[in-house]
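In case you want the letters, here they are:
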Amino acid sequence: MPKANETVLEIDLSALTHNFNYLKSKLQPNTKFLAVVKAFAYGSDSVEIAKHLEELKVDYFAVAYTNEGVALRDAGVTTPILVLHPQPINFKTIIERCLEPSIYNDRILNEFVKVTETLSQKHYPVHIKFNTGLNRLGFWESDVNDIVSKLKDTSSVKVKSIFSHLAASEDPNERVFTEKQIAIFKTISEEFESNLRHKPLLHLCNTSGVLNYPQAHFNMIRSGIGLYGFGNSAKEDKSLKPIASLKSVISQIHKIEKGETVGYNRAYKANGFEKTATIPIGHADGISRLYGNGKGYVFINGKKAPIVGNVCMDMIMVNITNIDCNEGDEVIIFNAYNKASMLAEDSGTISYEIITSISQRVKRVFIK
Ligand SMILES: *Cc1c(COP(=O)(O)O)cnc(C)c1O
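Participant: Looking at this structure, how should I read the sheet that holds strand E11 (residues 252–256)?
Facilitator: Within the open sheet, the 9 strands sit side by side as E11-E14-E17-E16-E15-E18-E10-E1-E19. Their pairing is mixed. Each edge of the open sheet carries a strand with a single partner, namely E11 and strand E19 (363–367). Neighbour-to-neighbour, the strand axes of this sheet turn through a mean angle of 35°, independent of strand direction. Of the pairings in the sheet, the one linking strand E14 (residues 274–279) to strand E17 (residues 316–319) comprises 4 bridges and is antiparallel in character. Within the sheet, the bridge partner assigned to Thr-276 lies in E17 and is Asn-319. With respect to the sheet, helix H1 (residues 13–24) is in contact with strand E1 (8–12) and E19, its orientation differing from that of E1 by roughly 45°.

Participant: In this structure, what is going on with H1? I would like to understand it.
Facilitator: With 12 residues, H1 extends 16 Å from end C-alpha to end C-alpha; this agrees with the ideal 16 Å at 1.5 Å per step. What H1 keeps buried is the set Leu-13, Ala-15, Leu-16, Asn-19, Phe-20, Tyr-22 and Leu-23.

Participant: Help me understand the site of the ligand, please; the structure alone is not making it clear to me.
Facilitator: Residues in close proximity to the ligand total 13 residues, the closest being Lys-38, Tyr-42, Thr-207, Ile-225 and Tyr-352. In this structure, Lys-38 approaches the ligand through a side-chain N or O atom, which is 2.7 Å from an oxygen atom. Measuring from a nitrogen atom of the ligand, one finds a side-chain N or O atom of Arg-222 at 2.8 Å. For the ligand, the protein covers 94% of the area, taking 390 Å² as the surface of the free molecule. Mapping the ligand onto the cavity grids shows that it belongs to the largest pocket. Contributing elements (two or more residues each) for the shell around the ligand: helix H2 (38–43) and strand E9 (220–223). When grouped by side-chain class, the residues that make up the shell around the ligand number 5 nonpolar, 5 polar and 3 charged.

Participant: Just checking my understanding: could you explain the packing of aromatic side chains for this structure?
Facilitator: Counted under the stated rule, the structure contains 9 aromatic pairs. Residues Phe-185 and Phe-218 carry aromatic rings whose centres are separated by 5.0 Å and whose planes lie at 85° to one another, so their mutual orientation is edge-to-face. Of this pair, Phe-185 sits in helix H8 (residues 175–193) while Phe-218 sits in the loop between helix H9 (207–212) and E9, and the two are 33 residues apart along the sequence. Relative to Phe-299, the ring of Tyr-297 has its centre 5.7 Å away and its plane inclined at 85°; by these criteria the two rings are edge-to-face. Judged by relative accessible area, which is 9%, Tyr-297 ranks as buried.

Participant: I would appreciate a short explanation of the packing of helix H7 (residues 144–152) against H8 in the present structure.
Facilitator: The geometry of a pair of packed helices is captured by two quantities: the angle between their axes and the separation between those axes. Two elements in contact, H7 and H8, have axes separated by 10 Å at closest approach and are oriented at 30°. Comparing the axis directions of H7 and H8 gives the class roughly parallel. Once H7 is placed against H8, the crossing between them reads as right-handed. Listed contacts from H8 to Val-144, Asn-145, Ile-147, Val-148 and Leu-151 of H7 are Ile-188, Glu-191 and Phe-192. Of the residues assigned to the contact of H7 with H8, the class counts are 6 nonpolar, 1 polar and 1 charged.

Participant: I would appreciate a short explanation of the environment of Ala-277 in the present structure.
Facilitator: Along the chain, Ala-277 turns up in strand E14. Taking the C-alpha atoms as reference, Ala-277 lies 46 Å from Asn-135; in sequence the two are 142 residues apart.

Participant: Would you explain the packing of H1 against helix H3 (residues 46–55) in this entry?
Facilitator: Look at H1 against H3: their axes get within 11 Å of each other, and the N-to-C directions meet at 50°. The angle between the axes of H1 and H3 places the two elements in the oblique class. The chirality of how H1 crosses H3 is right-handed. Contacts from Leu-13, Leu-16, Thr-17 and Phe-20 in H1 reach Ile-49, His-52 and Leu-53 in H3.

Participant: Can you help me understand the domain arrangement of the protein chain in this one?
Facilitator: It is common to give the size of an interface as the accessible area that goes away when the parts come together. Under the domain assignment, the protein chain is made up of domain 1 (31–228) and domain 2 (244–367). Relative to domain 2, the C-alpha centre of domain 1 lies at a distance of 38 Å. With 9 residues of domain 1 at the contact, the number on the domain 2 side is 8 residues. Between domain 1 and domain 2, the buried area comes to about 800 Å², and carbon and sulfur atoms account for 65% of it. Together, Tyr-42, Gly-43 and Ile-225 form the three largest contributors to the area buried by domain 1 at its contact with domain 2, with a combined 49%. Viewed at the interface, domain 2 and domain 1 are joined by 0 salt bridges. Taken together, domain 1 and domain 2 are joined by 2 residue pairs in polar contact (both at pLDDT 80 or more). In terms of residue count, the dominant contributor to the side of domain 1 that touches domain 2 is H2 (4 residues). A breakdown of the residues in the side of domain 1 that touches domain 2 according to their chemical character gives 5 nonpolar, 2 polar and 2 charged.

Rules of the game
- Residues numbered from 1 in each chain as written.
- Predicted model: local features only at pLDDT ≥ 70, side-chain atom pairs only at ≥ 80, totals over all residues.
- Heavy atoms only, no water.
- Pairing = 2+ DSSP bridges.
- Helix = DSSP H or I, 4+ residues; strand = E, 2+ residues; numbered from the N terminus.
- Axes fitted to C-alpha atoms, helices over the stretch in contact; angles between N-to-C directions.
- Contact = heavy atoms within 4.5 Å.
- Expected span 1.5 Å × (residues − 1).
- Buried < 20%, exposed > 50% of the residue type's maximum accessible area, 1.4 Å probe, protein only.
- Near = heavy atom within 4 Å.
- Polar contact = N/O pair within 3.5 Å; in protein donor to acceptor, adjacent residues only side chain to side chain.
- Areas by Shrake-Rupley, 256 points an atom, 1.4 Å probe, with all protein chains shown as cover.
- 1 Å grid on protein atoms, 1.4 Å probe; cavity = no way out; pocket = protein on both sides within 12 Å on 5 of 7 lines; lining within 4 Å.
- Sits in = over half its atoms within 2 Å of the grid points.
- Nonpolar A, V, L, I, M, F, W, Y, C, P; charged D, E, K, R; others polar.
- Phe/Tyr/Trp six-rings, centres within 6.5 Å; stacked < 30°, edge-to-face > 60°.
- Parallel < 35°, antiparallel > 145°, perpendicular 65-115°, else oblique.
- Left-handed = near helix turned anticlockwise from the far one by under 90°.
- Domains from an automatic or database assignment.
- Buried area = accessible area lost by both parts, 1.4 Å probe.
- Salt bridge = Lys/Arg side-chain N within 4 Å of Asp/Glu carboxyl O.

Okay, here's the thing in structure tokens:
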């Protein structure tokens, strides 16, 4: 790996291949793989990641919002793309760009059917989302008959899949609740299917569902975090490889005396003679102010250097009093060994938030 000489997010595409193959090894041979590439493929780069996954023969993509799907189409991605959280204002674009909406309530169903009819569509693929306990998006079990009778009145749309989402698939203490969600999903999909003339895809599991509930893979799984190298458990983290390394460099070293302060609001006061290093990465790059004042840290020459004082917009200062280092030396915020999941745990968040927060200002570098 090249040494960083500015702030970069390095993406290791061979680690992505490894994670894809590992997750695939947990599936039956004919179970389809939907890769979740929302939020810039969890903070990395949705186009590069999607293109690489297309080479690996992924079956489906999902994004949260319509414009994320448009960006993939603009880049030449041709695999089907499920839009998890569309709004009626996006429906014309969805059809123009061959994106496939999640239909999560009556309002969305009626509006989408109206637009497909206006645009003379036949059998436009849609995905019916059910709420089985997350209480976020989706129809209820009691809506099945209503949906089916509405669909019988039109040939403009076709149900490509029926799906739901687990609330706590990573939590062994919630096994009973998760098994109840699986059972509800089974009942709904059987009832729905018995009213259709074709067999839609059924999918329920996110990454932790794939790993913890092999009985619930149905015809397709939806994996996001696992592809990016996190398994939401110490055991699975051993088998996966984080694809992203956030690196930077020491811009300047300061020597300060006891009682001198560092940074805005004079939030840090030296306890004696100390050395600090200034690093060109700040809250505008995704290093939240919550990591300030010792909660977050970086690694310099293999040693942990805590953030001192407040995180600035474009930089942080870290304590290097006991670290042998020089201006220009590389700084690791996280990588495959000093994992984002550990920084997340130490600062009270989850890996998902750390990696998706790296802002677009940070240069992406791809290792093939
Ligand atoms: C984001 C998302 C996923 C991916 O979940 P991971 O835990 O990252 O695997 C799957 N399904 C839905 C509906 C999502 O919103």
